[in-house]
Amino acid sequence: MRQFLSLEGRTAIVTGAARGIGKAIAETLAARGAKVAVVDLRMDLAEETASEITAASGIEAIALEADVSNRESVNAMIKSAVEKLGKIDILVNNAGITRDGLIMRMKEADWDMVLDINLKGAFNCSQALARPMMKQRYGRIINISSVSGVTGQAGQTNYSSSKAGLIGFTKALAKEVGSRGITVNAVAPGFIETVLTHDLPEEIREMSMKLTPMGRFGTPQDIANAVAFLAAEESSFITGVTLQVDGGMVM
Ligand SMILES: NC(=O)c1ccc[n+]([C@@H]2O[C@H](COP(=O)([O-])OP(=O)(O)OC[C@H]3O[C@@H](n4cnc5c(N)ncnc54)[C@H](O)[C@@H]3O)[C@@H](O)[C@H]2O)c1
């Protein structure tokens, strides 16, 4: 009998999967049975992650290089993923960066870079996969947003805009592709311990902890668990939602 939430026979692309949250997502999807493409700018780390996944799960995992903000790079990566894995059922738009600063001092280049990677990156990857997913009448697109996009965060006008933009993108695309068996959802993490949050000032870490009823910071695995659920066949009547995985920080 097929296991509940099994991803056997499915294939997934996870962007920004060389480390952090994306890595945990790729590992978890593979542990549920999906073949995965570990997509990242950092090929050294991506190769390592893909090998670790294959060693741990016995599932085929491949590393592919792409800059999600660059359409040519994304199209070449998707072509290569389809050639190597056969078809793509699941896309996780996880690649993201921060370039924090108060608006008075924010450089235009920092605004553009954050929007290009965090928001346009999701557009580039989703657009490249929309046609094949529609043709196969099945797909799961999961966008990694942030609670910063829900509440707004001082010093993050660029990041909060990109993450709020992803929530709007999720809803609009969900309406476009729902009739073709494709769901589109977002996951909004709270404070998760990764390289991205490692260097935040102590007072921000303390304040985040105080605001979190569950009394701890999140782990990449907390996010991966939510993504694995939304990636499964069993979540087929859930689309256009933003699932906050934040220990209750924002409600
Ligand atoms: N850590 C948190 O607390 C937190 C909270 C909310 C949302 N998020 C979101 O979760 C996602 C993952 O964050 P993380 O904490 O694991 O960060 P991370 O920096 O550890 O990992 C991000 C990965 O994305 C890759 N990447 C960066 N730019 C890329 C590009 N242009 N093309 C392809 N890959 C690229 C990096 O090489 C890296 O491997 C991001 O979208 C982030 O905004 C994180």
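Residue positions are given per chain, counted from 1 along the sequence in the order it is written. Only residues with pLDDT of 70 or above have their local features reported here, since the model is predicted, and side-chain atom pairs are shown and tallied only from 80 upward, although totals for entire chains, interfaces and linings are computed over all residues.

Comments concerning the site of the ligand
Next, step 1: We call a residue near a molecule or strand when its C-beta atom, built from the backbone, sits within 6 Å of it. Neighbouring the ligand are 28 residues, the closest being Gly16, Gly20, Gly96, Thr194 and Leu196.
Next, step 2: Helix and strand assignments follow DSSP, with helices taken as H or I runs no shorter than four residues and strands as E runs no shorter than two, numbered in order from the N terminus. Elements with a minimum of two residues in the shell around the ligand: helix H1 (20-31) and helix H7 (195-198).
Next, step 3: We call Asp, Glu, Lys and Arg charged. Ala, Val, Leu, Ile, Met, Phe, Trp, Tyr, Cys and Pro are nonpolar, and the rest, Gly among them, are polar. Split into classes, the residues belonging to the shell around the ligand amount to 14 nonpolar, 10 polar and 4 charged.

Concerning unusual backbone geometry
Next, step 1: Its identity as a non-glycine residue notwithstanding, Leu5 has a phi of 65°, on the positive side.
Next, step 2: As for its placement among the helices and strands, Leu5 is situated in the segment before strand E1 (11-15).
Next, step 3: The exposure scheme places C-beta atoms from the backbone and then counts, for each residue, the other C-beta atoms within 10 Å of its own, assigning buried at 20 or more, exposed at 12 or fewer, and partly exposed in between. Judged by C-beta crowding, with 14 C-beta atoms within 10 Å, Leu5 ranks as partly exposed.

Observations regarding the nonpolar core
Next, step 1: Residues of type Ala, Val, Leu, Ile, Met, Phe, Trp, Tyr and Cys that are buried and joined through C-beta atoms within 7 Å form what is called a nonpolar core. One finds Val14, Ile25, Ala26, Leu29, Val36, Val38 and Val227 to be the most contacted residues of the largest nonpolar core, which totals 67 residues.
Next, step 2: Of all the elements, helix H4 (residues 108-136) adds the most residues to this core, at 8 residues.
Next, step 3: Once you skip the residues sitting within four places of it in the chain, Val14 turns out to touch Gly22, Ile25, Ala26, Leu29, Val36, Val38, Val39, Val92 and Asn94. Contacts here follow a simple rule: the backbone-placed C-beta atoms of the two residues must lie within 7 Å.

Re the environment of Asp100
Next, step 1: Note on placement: Asp100 falls in the loop between strand E4 (90-93) and H4.
Next, step 2: Taking C-alpha positions, Asp100 is 8.0 Å from Thr157, a pair spaced 57 residues apart along the chain.
Next, step 3: The residues contacting Asp100, other than those within four sequence positions of it, are Gly155, Gln156 and Tyr159.

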